[in-house]
Amino acid sequence: MTPKGRHPMTENRTSGASEPGSQWYDGEAGPLVRPYAMTGGRTQPGPTGVRFDLIALVTFDLAAATLDDAAGLGPEHRTLIDLCRTETQSVAELAADADLPVGVVRVLLGDLLELGCVVISRPVPPALLPDERILREVIAGLRAL
Amino acid sequence: MVTEHSDAADASALALKILVAGGFGVGKTTLVGAVSEIRPLRTEELLSEAGQLVDDTDGVDQKVTTTVAMDFGRITIRSGLSLYLFGTPGQDRFWFLWDELSQGALGAVVLADTRRLEDCFPAVDYFEHRHIPFVVAVNCFAGARTHGAHDVSRALDLDQGTPVVLCDARDRDSGKEVLIRLVEYAGRMHTARLLDSVG
(Lines give C-alpha, C1' and ligand atoms only; values in the text may rest on other atoms or scores of the structure.)
Protein backbone atom coordinates (compact mmCIF):
# COMPACT_ATOMS: atom_id res chain seq x y z
CA MET A 1 0.00 0.00 0.00
CA THR A 2 1.29 3.38 -0.87
CA PRO A 3 -0.14 5.97 1.46
CA LYS A 4 -1.11 9.22 -0.12
CA GLY A 5 1.49 11.84 -0.75
CA ARG A 6 4.42 9.46 -0.98
CA HIS A 7 6.49 8.67 -3.96
CA PRO A 8 9.79 6.86 -4.40
CA MET A 9 12.88 8.74 -3.38
CA THR A 10 14.81 10.19 -6.25
CA GLU A 11 18.43 9.25 -6.72
CA ASN A 12 19.44 12.86 -6.91
CA ARG A 13 22.36 13.26 -4.51
CA THR A 14 21.78 16.90 -3.99
CA SER A 15 18.20 16.64 -2.86
CA GLY A 16 17.90 17.08 0.88
CA ALA A 17 15.66 14.89 3.01
CA SER A 18 13.70 17.94 4.06
CA GLU A 19 12.63 18.79 0.54
CA PRO A 20 8.87 18.81 0.33
CA GLY A 21 7.51 15.48 -0.80
CA SER A 22 10.86 13.73 -0.87
CA GLN A 23 10.78 10.19 0.43
CA TRP A 24 12.74 9.93 3.66
CA TYR A 25 12.60 6.22 4.25
CA ASP A 26 12.44 3.03 2.23
CA GLY A 27 12.98 -0.71 2.60
CA GLU A 28 16.50 -0.21 3.92
CA ALA A 29 15.28 2.03 6.68
CA GLY A 30 13.57 -0.76 8.58
CA PRO A 31 9.96 -1.20 9.52
CA LEU A 32 7.71 1.58 10.63
CA VAL A 33 7.19 1.22 14.35
CA ARG A 34 5.49 2.99 17.17
CA PRO A 35 8.01 2.39 19.92
CA TYR A 36 6.78 5.13 22.17
CA ALA A 37 4.34 2.75 23.82
CA MET A 38 7.31 1.66 25.93
CA THR A 39 7.97 5.20 27.04
CA GLY A 40 4.38 6.13 27.75
CA GLY A 41 4.31 8.33 24.68
CA ARG A 42 7.32 10.40 25.67
CA THR A 43 9.96 11.24 23.12
CA GLN A 44 12.26 13.20 25.42
CA PRO A 45 13.85 12.20 28.71
CA GLY A 46 12.22 13.72 31.81
CA PRO A 47 12.50 17.24 33.20
CA THR A 48 16.28 17.12 33.25
CA GLY A 49 16.08 17.49 29.47
CA VAL A 50 19.40 15.76 29.03
CA ARG A 51 20.10 14.14 25.71
CA PHE A 52 22.46 11.31 26.46
CA ASP A 53 25.25 10.84 23.97
CA LEU A 54 25.65 7.43 22.34
CA ILE A 55 28.88 6.95 24.26
CA ALA A 56 27.65 8.36 27.56
CA LEU A 57 28.55 5.68 30.10
CA VAL A 58 25.85 4.26 32.33
CA THR A 59 26.80 2.79 35.68
CA PHE A 60 24.35 1.04 37.96
CA ASP A 61 24.18 2.66 41.35
CA LEU A 62 24.48 -0.10 43.92
CA ALA A 63 23.14 2.14 46.65
CA ALA A 64 19.82 2.22 44.81
CA ALA A 65 19.64 -1.55 44.45
CA THR A 66 16.48 -1.83 46.53
CA LEU A 67 14.62 0.85 44.63
CA ASP A 68 13.71 -1.07 41.55
CA ASP A 69 10.65 -2.86 42.85
CA ALA A 70 9.05 0.13 44.45
CA ALA A 71 9.28 2.53 41.59
CA GLY A 72 6.83 0.98 39.18
CA LEU A 73 9.43 0.34 36.55
CA GLY A 74 8.50 -1.38 33.31
CA PRO A 75 10.16 -4.50 31.94
CA GLU A 76 12.33 -2.40 29.62
CA HIS A 77 13.62 -0.39 32.57
CA ARG A 78 14.50 -3.64 34.30
CA THR A 79 16.28 -4.95 31.22
CA LEU A 80 18.46 -1.84 31.18
CA ILE A 81 19.19 -2.16 34.90
CA ASP A 82 20.17 -5.80 34.46
CA LEU A 83 22.48 -4.92 31.59
CA CYS A 84 24.39 -2.21 33.42
CA ARG A 85 24.32 -4.02 36.76
CA THR A 86 27.28 -6.18 35.79
CA GLU A 87 29.40 -3.55 34.08
CA THR A 88 29.37 0.04 32.97
CA GLN A 89 27.92 0.28 29.48
CA SER A 90 27.55 2.95 26.85
CA VAL A 91 24.10 4.09 25.75
CA ALA A 92 24.74 2.52 22.34
CA GLU A 93 25.62 -0.85 23.85
CA LEU A 94 22.54 -0.79 26.06
CA ALA A 95 20.33 -0.08 23.06
CA ALA A 96 21.87 -2.90 21.05
CA ASP A 97 21.74 -5.43 23.88
CA ALA A 98 18.22 -4.51 24.95
CA ASP A 99 17.18 -4.47 21.29
CA LEU A 100 15.56 -1.08 21.74
CA PRO A 101 15.95 2.03 19.61
CA VAL A 102 18.34 4.58 21.07
CA GLY A 103 15.57 7.16 21.37
CA VAL A 104 13.58 4.84 23.61
CA VAL A 105 16.62 3.95 25.70
CA ARG A 106 17.31 7.65 26.26
CA VAL A 107 13.83 8.21 27.69
CA LEU A 108 14.03 5.15 29.93
CA LEU A 109 17.50 6.12 31.15
CA GLY A 110 16.11 9.53 32.02
CA ASP A 111 13.64 7.77 34.31
CA LEU A 112 16.36 5.67 35.91
CA LEU A 113 18.55 8.72 36.40
CA GLU A 114 15.75 10.58 38.13
CA LEU A 115 15.18 7.61 40.39
CA GLY A 116 18.86 7.56 41.17
CA CYS A 117 19.31 3.98 39.95
CA VAL A 118 22.09 4.88 37.57
CA VAL A 119 24.94 7.30 37.19
CA ILE A 120 25.46 8.60 33.67
CA SER A 121 28.74 10.18 32.61
CA ARG A 122 28.73 13.20 30.35
CA PRO A 123 30.96 12.74 27.35
CA VAL A 124 33.91 15.03 27.00
CA PRO A 125 32.99 18.26 25.18
CA PRO A 126 34.86 18.64 21.88
CA ALA A 127 36.81 21.66 23.08
CA LEU A 128 38.21 19.63 25.94
CA LEU A 129 39.06 16.63 23.86
CA PRO A 130 41.71 14.51 25.42
CA ASP A 131 45.07 15.83 26.20
CA GLU A 132 48.10 14.39 24.55
CA ARG A 133 48.78 12.02 27.39
CA ILE A 134 45.51 10.22 26.76
CA LEU A 135 46.03 10.14 23.00
CA ARG A 136 49.48 8.67 23.51
CA GLU A 137 47.93 6.08 25.77
CA VAL A 138 45.36 5.26 23.07
CA ILE A 139 48.07 4.88 20.42
CA ALA A 140 50.14 2.62 22.68
CA GLY A 141 47.04 0.61 23.52
CA LEU A 142 46.18 0.16 19.85
CA ARG A 143 49.70 -0.98 19.04
CA ALA A 144 49.54 -3.50 21.85
CA LEU A 145 46.25 -5.03 20.68
CA MET B 1 30.66 -3.51 51.02
CA VAL B 2 31.16 -0.99 48.27
CA THR B 3 30.26 2.59 48.97
CA GLU B 4 32.35 4.79 46.73
CA HIS B 5 31.90 2.80 43.55
CA SER B 6 30.07 5.25 41.34
CA ASP B 7 32.08 8.39 41.94
CA ALA B 8 35.36 6.66 41.41
CA ALA B 9 34.23 4.84 38.28
CA ASP B 10 32.57 7.91 36.87
CA ALA B 11 35.41 10.31 37.40
CA SER B 12 37.96 8.19 35.59
CA ALA B 13 35.87 6.56 32.86
CA LEU B 14 36.55 8.09 29.49
CA ALA B 15 35.01 7.05 26.21
CA LEU B 16 36.28 8.28 22.87
CA LYS B 17 34.35 8.15 19.66
CA ILE B 18 35.67 7.49 16.18
CA LEU B 19 33.41 7.50 13.14
CA VAL B 20 33.83 5.24 10.15
CA ALA B 21 32.30 6.79 7.05
CA GLY B 22 32.28 6.12 3.34
CA GLY B 23 30.04 4.97 0.53
CA PHE B 24 27.71 2.00 0.59
CA GLY B 25 29.51 -1.35 0.50
CA VAL B 26 32.98 0.10 0.95
CA GLY B 27 33.69 -2.02 4.02
CA LYS B 28 32.68 0.12 7.01
CA THR B 29 31.09 -2.75 8.92
CA THR B 30 34.01 -5.00 8.00
CA LEU B 31 36.53 -2.52 9.37
CA VAL B 32 34.59 -2.04 12.59
CA GLY B 33 34.33 -5.82 12.98
CA ALA B 34 38.02 -6.39 12.31
CA VAL B 35 39.23 -4.19 15.15
CA SER B 36 36.40 -4.44 17.66
CA GLU B 37 36.80 -6.64 20.71
CA ILE B 38 33.08 -7.20 20.86
CA ARG B 39 31.03 -8.53 18.02
CA PRO B 40 29.92 -5.54 16.00
CA LEU B 41 26.65 -4.41 17.49
CA ARG B 42 23.83 -2.74 15.70
CA THR B 43 21.89 -0.03 17.33
CA GLU B 44 18.87 1.69 15.97
CA GLU B 45 18.04 5.32 16.06
CA LEU B 46 14.53 6.55 15.61
CA LEU B 47 13.61 8.81 12.80
CA SER B 48 10.37 10.59 13.00
CA GLU B 49 8.64 13.22 11.03
CA ALA B 50 6.14 15.28 12.91
CA GLY B 51 2.78 15.61 11.30
CA GLN B 52 3.26 12.79 8.83
CA LEU B 53 -0.01 10.96 8.57
CA VAL B 54 0.03 7.26 7.91
CA ASP B 55 -3.33 6.05 8.69
CA ASP B 56 -5.87 8.69 9.42
CA THR B 57 -8.92 6.46 9.64
CA ASP B 58 -9.86 7.88 13.00
CA GLY B 59 -8.70 11.38 12.29
CA VAL B 60 -6.05 11.23 14.99
CA ASP B 61 -2.63 12.53 14.06
CA GLN B 62 -0.13 9.79 14.43
CA LYS B 63 3.56 10.26 14.45
CA VAL B 64 5.31 7.84 12.14
CA THR B 65 8.60 6.51 13.23
CA THR B 66 11.15 4.44 11.47
CA THR B 67 14.63 3.40 12.43
CA VAL B 68 18.06 3.54 10.95
CA ALA B 69 20.71 1.08 11.99
CA MET B 70 24.26 1.93 12.99
CA ASP B 71 27.05 -0.56 13.49
CA PHE B 72 29.48 -0.05 16.27
CA GLY B 73 32.34 -1.70 18.02
CA ARG B 74 34.49 -1.16 21.07
CA ILE B 75 38.17 -1.30 21.89
CA THR B 76 39.14 -1.17 25.54
CA ILE B 77 42.48 0.54 25.94
CA ARG B 78 42.47 0.02 29.68
CA SER B 79 39.91 -0.06 32.43
CA GLY B 80 38.17 3.30 32.20
CA LEU B 81 39.41 4.22 28.73
CA SER B 82 37.55 2.86 25.71
CA LEU B 83 37.34 3.67 22.06
CA TYR B 84 33.99 3.34 20.34
CA LEU B 85 33.75 3.01 16.60
CA PHE B 86 30.56 3.95 14.81
CA GLY B 87 29.84 3.08 11.21
CA THR B 88 27.83 5.99 9.89
CA PRO B 89 24.67 5.20 7.96
CA GLY B 90 25.54 5.43 4.29
CA GLN B 91 22.43 6.92 2.79
CA ASP B 92 22.51 10.64 2.27
CA ARG B 93 19.16 11.21 3.86
CA PHE B 94 20.42 10.01 7.22
CA TRP B 95 23.08 12.65 7.38
CA PHE B 96 21.38 14.53 10.12
CA LEU B 97 22.37 11.59 12.32
CA TRP B 98 25.99 12.34 11.57
CA ASP B 99 25.65 15.62 13.39
CA GLU B 100 24.91 13.78 16.55
CA LEU B 101 27.50 11.11 15.92
CA SER B 102 30.23 13.59 15.16
CA GLN B 103 29.60 15.64 18.27
CA GLY B 104 32.59 15.18 20.50
CA ALA B 105 34.16 12.69 18.11
CA LEU B 106 37.91 12.36 18.24
CA GLY B 107 37.99 11.94 14.49
CA ALA B 108 36.84 9.92 11.52
CA VAL B 109 38.01 7.32 9.08
CA VAL B 110 36.72 7.85 5.55
CA LEU B 111 36.88 4.53 3.76
CA ALA B 112 37.36 4.81 0.02
CA ASP B 113 37.23 2.40 -2.90
CA THR B 114 39.32 3.66 -5.82
CA ARG B 115 36.85 2.10 -8.28
CA ARG B 116 34.21 4.55 -7.08
CA LEU B 117 36.10 7.25 -5.35
CA GLU B 118 33.25 9.71 -5.76
CA ASP B 119 31.24 7.76 -3.16
CA CYS B 120 33.39 9.19 -0.42
CA PHE B 121 33.21 12.83 -1.58
CA PRO B 122 30.28 13.70 0.69
CA ALA B 123 32.05 12.30 3.76
CA VAL B 124 35.25 14.19 2.94
CA ASP B 125 33.27 17.41 2.51
CA TYR B 126 31.36 16.82 5.71
CA PHE B 127 34.42 16.39 7.92
CA GLU B 128 36.42 19.14 6.20
CA HIS B 129 33.66 21.68 6.71
CA ARG B 130 33.36 20.82 10.37
CA HIS B 131 37.09 20.69 11.01
CA ILE B 132 36.82 17.15 12.30
CA PRO B 133 40.17 15.38 11.89
CA PHE B 134 39.93 12.49 9.46
CA VAL B 135 42.11 10.09 7.53
CA VAL B 136 41.20 8.56 4.19
CA ALA B 137 41.67 4.79 4.27
CA VAL B 138 41.73 3.25 0.81
CA ASN B 139 40.30 -0.23 1.10
CA CYS B 140 42.39 -2.27 -1.31
CA PHE B 141 39.86 -4.68 -2.72
CA ALA B 142 41.25 -7.68 -4.55
CA GLY B 143 41.16 -6.96 -8.26
CA ALA B 144 41.04 -3.22 -7.86
CA ARG B 145 43.90 -1.39 -9.49
CA THR B 146 46.13 -0.07 -6.76
CA HIS B 147 46.69 3.64 -6.70
CA GLY B 148 49.27 5.38 -4.61
CA ALA B 149 48.21 7.38 -1.59
CA HIS B 150 49.40 10.51 -3.35
CA ASP B 151 47.10 9.91 -6.36
CA VAL B 152 44.14 9.45 -4.06
CA SER B 153 45.02 12.54 -2.10
CA ARG B 154 45.17 14.56 -5.32
CA ALA B 155 42.00 13.06 -6.75
CA LEU B 156 40.13 13.95 -3.58
CA ASP B 157 41.75 17.38 -3.42
CA LEU B 158 42.48 16.86 0.25
CA ASP B 159 43.81 19.60 2.46
CA GLN B 160 47.53 19.32 2.87
CA GLY B 161 48.41 17.03 5.73
CA THR B 162 45.28 14.89 5.62
CA PRO B 163 46.67 11.36 5.80
CA VAL B 164 45.82 8.76 3.18
CA VAL B 165 46.40 5.16 4.23
CA LEU B 166 46.12 2.04 2.10
CA CYS B 167 44.41 -0.72 4.04
CA ASP B 168 42.63 -4.03 4.02
CA ALA B 169 39.43 -3.53 5.99
CA ARG B 170 39.25 -7.26 6.78
CA ASP B 171 42.64 -7.30 8.44
CA ARG B 172 42.91 -6.45 12.13
CA ASP B 173 46.47 -5.16 11.99
CA SER B 174 45.68 -3.06 8.97
CA GLY B 175 42.63 -1.61 10.71
CA LYS B 176 44.68 -0.90 13.83
CA GLU B 177 47.23 0.99 11.72
CA VAL B 178 44.44 3.15 10.25
CA LEU B 179 43.20 4.01 13.73
CA ILE B 180 46.71 4.78 14.96
CA ARG B 181 47.26 7.16 12.04
CA LEU B 182 43.97 8.85 12.85
CA VAL B 183 44.70 9.30 16.56
CA GLU B 184 48.18 10.65 15.76
CA TYR B 185 46.70 13.08 13.25
CA ALA B 186 43.91 14.13 15.63
CA GLY B 187 46.58 14.81 18.24
CA ARG B 188 48.53 17.00 15.81
CA MET B 189 45.39 18.91 14.79
CA HIS B 190 44.48 19.39 18.41
CA THR B 191 47.90 20.75 19.30
CA ALA B 192 47.87 23.06 16.28
CA ARG B 193 44.50 24.42 17.34
CA LEU B 194 45.73 25.02 20.86
CA LEU B 195 48.73 26.90 19.52
CA ASP B 196 46.45 28.95 17.25
CA SER B 197 44.25 29.91 20.16
CA VAL B 198 47.13 31.17 22.27
CA GLY B 199 49.03 32.78 19.37
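Look a little higher up for the structure.
Worth saying up front: this structure is predicted, and the values here are computed from it rather than measured.

1. Some remarks on the overall build of chain A
Item 1. Looking only at helices and strands, chain A has five helices and three strands in total.
Item 2. Tracing chain A from N to C terminus, the helices and strands come up as β-α-α-β-α-α-β-α.
Item 3. Looking at chain A as a whole, 32% of its 145 residues qualify as buried.

2. Digging into the overall build of chain B
Item 1. Helix and strand counts for chain B stand at six helices and seven strands.
Item 2. Listing every helix and strand of chain B by position from the N terminus yields α-β-α-β-β-β-α-β-α-β-α-β-α.
Item 3. For chain B, the proportion of its 199 residues judged to be buried stands at 41%.
Item 4. In chain B, the share of contacts with a sequence separation of at least 24, taken over all contacts with a separation of at least 6, comes to 70%.

3. So, helix α2 (residues 28–35) of chain B
Item 1. Of all eight residues in α2 of chain B, seven are buried; the element is thus mostly enclosed.
Item 2. What α2 of chain B keeps buried is the set K28, T30, L31, V32, G33, A34 and V35 of chain B.

4. So, the sheet that holds strand β2 (residues 89–90) of chain A
All names here are of chain A.
Item 1. Overall, antiparallel pairing links the three strands, which are arranged β2-β1-β3 in an open sheet. The open sheet has two edge strands with one neighbour each: β2 and β3 (118–120).
Item 2. Running over the sheet, helix α4 (residues 102–115) touches β1 (57–60) and β3 and is turned about 115 degrees from β3.

5. Looking at the nonpolar core
Item 1. Judged by nonpolar contacts, the single largest core of 77 residues is most densely connected at V91 and V105 of chain A together with I18, V109, V110 and A137 of chain B.
Item 2. With sequence-adjacent residues up to four places away left out, I18 of chain B is seen in contact with L83, L85, A105, L106, G107, A108, V109, L179 and L182 of chain B.

6. Things to note about the packing of α2 of chain B against helix α6 (residues 172–198) of chain B
Residue and element names in this part refer to chain B.
Item 1. The interhelical angle for the contact between α2 and α6, taken along N-to-C directions, is 100 degrees, at an axis separation of 8 Å. Taken as axis vectors, α2 and α6 run roughly perpendicular relative to one another. Of the residues in α6, those in contact with L31, A34 and V35 of α2 are R172, G175, K176 and L179.
Item 2. Per-class residue counts for the contact of α2 with α6 are four nonpolar, one polar and two charged.

7. As for helix α3 (residues 95–102) of chain B
All names here are of chain B.
Item 1. Among the residues making up α3, those that are buried are W98, L101 and S102. The arc that holds every buried residue of α3, seen down its axis, measures 85 degrees, which confines them to one face. Residues of α3 that are exposed and angled more than 90 degrees away from the buried face: F96 and D99.
Item 2. Contact partners of the buried residues in α3: β1 (14–22), β4 (81–87) and α4 (121–129).
Item 3. Two residues or fewer past α3, G104 is found with a positive phi of approximately 75 degrees.

8. With respect to the pairing of β1 of chain B
All names here are of chain B.
Item 1. Of all nine residues in β1, nine are buried, a share of seventy percent or more.
Item 2. Of the two faces of β1, the one holding L14, L16, I18, V20 and G22 and the one holding A15, K17, L19 and A21 are both buried throughout.
Item 3. Of the strand pairs in this sheet, β1 and β4 are connected by seven bridges, and their pairing is parallel. Bridge pairing in β4 places L19 opposite F86.
Item 4. Both β1 and strand β5 (residues 107–112) contribute to a ladder of five bridges, which runs parallel.

9. Digging into unusual backbone geometry
Item 1. Positive phi outside glycine occurs at D99 of chain A, with the angle close to 60 degrees.
Item 2. Relative to the helices and strands, D99 of chain A resides in the loop between α3 (91–98) and α4.
Item 3. Positioned with a positive phi, H131 of chain B is a non-glycine residue whose angle comes to about 55 degrees.
Item 4. Tracing the sequence through the fold places H131 of chain B in the loop between α4 and β6 (134–139).
Item 5. A tally of 9 C-beta atoms within 10 Å means that H131 of chain B is categorised as exposed.

Rules used in this analysis
Residues numbered from 1 in each chain as written. Chains lettered and ligands numbered in written order. Predicted model: local features only at pLDDT ≥ 70, side-chain atom pairs only at ≥ 80, totals over all residues. Helix = DSSP H or I, 4+ residues; strand = E, 2+ residues; numbered from the N terminus. Buried ≥ 20, exposed ≤ 12 C-beta atoms within 10 Å, placed from the backbone. Contact = placed C-beta atoms within 7 Å. Pairing = 2+ DSSP bridges. Axes fitted to C-alpha atoms, helices over the stretch in contact; angles between N-to-C directions. Core = buried A, V, L, I, M, F, W, Y, C linked by C-beta atoms within 7 Å. Parallel < 35°, antiparallel > 145°, perpendicular 65-115°, else oblique. Nonpolar A, V, L, I, M, F, W, Y, C, P; charged D, E, K, R; others polar. Arc of directions from axis to C-beta.

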